[in-house]
Amino acid sequence: MSQKTKRRQFTAEYKLRILKEADRCDQRGQIAALLRREGLYSSHLSRWRRQRAQGQLQGLAARKRGPKPTADRELQKEAARLRRESERLQARLQQAETIIEAQKKLAQQLGLAPGETEENGTA
């Protein structure tokens, strides 16, 4: 069983430090050496530079992936949970009604009067 690799997350400080180092590189191959040393890809640099140029220092900070939790999403999840519970309870109610109908038919076939059932405590 192989272990799932964890996605790397870089802090804003780390990203800024690497960008500063990359900006200081003035000779051919220095940026490539920096990327190899840090285990990064050129796409990291281009994305971080674009974020820095847009003034998104917060954009350099690590963010959670996936849809953002909202009150709307929470309400939808709660509604779905309640819908499932309602369907489950409806099924149980239908089952109970079927059992009661069967008991009534059995009582009629045995000739028991409605007042003589266990429901009234006189069995």
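Since the model is a prediction, treat every value here as computed from it, not as a measurement.

K.L.:
Describe the nonpolar core, and please don't skip the residues or the numbers.
P.N.:
Counting 10 residues, the largest nonpolar core is built from Phe 10, Tyr 14, Ile 18, Leu 19, Ala 22, Leu 34, Leu 35, Leu 40, Leu 45 and Trp 48. Looking at this core, the elements with two or more residues in it are helix H1 (12-24), helix H2 (30-38) and helix H3 (42-53). The element best represented in this core is H1, accounting for 4 residues. For Leu 35, the contacting residues outside a window of four places in its chain are Leu 40, Tyr 41, Ser 42 and Leu 45.

K.L.:
Break down the pattern of salt bridges for me, citing the residues and quoting the values.
P.N.:
Any two side chains of opposite charge can pair, on the condition that their charged atoms come close. Per the counting criterion, the structure on display carries 6 salt bridges. Taking the shortest distance from any N to any O, the salt bridge between Arg 17 and Glu 21 comes out at 2.9 Å. Of the two residues, Arg 17 and Glu 21 both sit in helix H1, 4 residues apart, roughly one turn of that helix. Arg 81 serves as the salt-bridge partner of Glu 78, at 2.7 Å between the closest nitrogen and oxygen. With a gap of 3 residues between them, Glu 78 and Arg 81 both fall in helix H4 (residues 71-109), about one helical turn apart. Within the structure, one salt-bridge network assembled from shared partners comprises Arg 17, Glu 21, Arg 37 and Glu 38.

Conventions we followed
Residues numbered from 1 in each chain as written. Predicted model: local features only at pLDDT ≥ 70, side-chain atom pairs only at ≥ 80, totals over all residues. Heavy atoms only, no water. Core = buried A, V, L, I, M, F, W, Y, C linked by side-chain atoms within 4.5 Å. Buried < 20%, exposed > 50% of the residue type's maximum accessible area, 1.4 Å probe, protein only. Helix = DSSP H or I, 4+ residues; strand = E, 2+ residues; numbered from the N terminus. Contact = heavy atoms within 4.5 Å. Salt bridge = Lys/Arg side-chain N within 4 Å of Asp/Glu carboxyl O.

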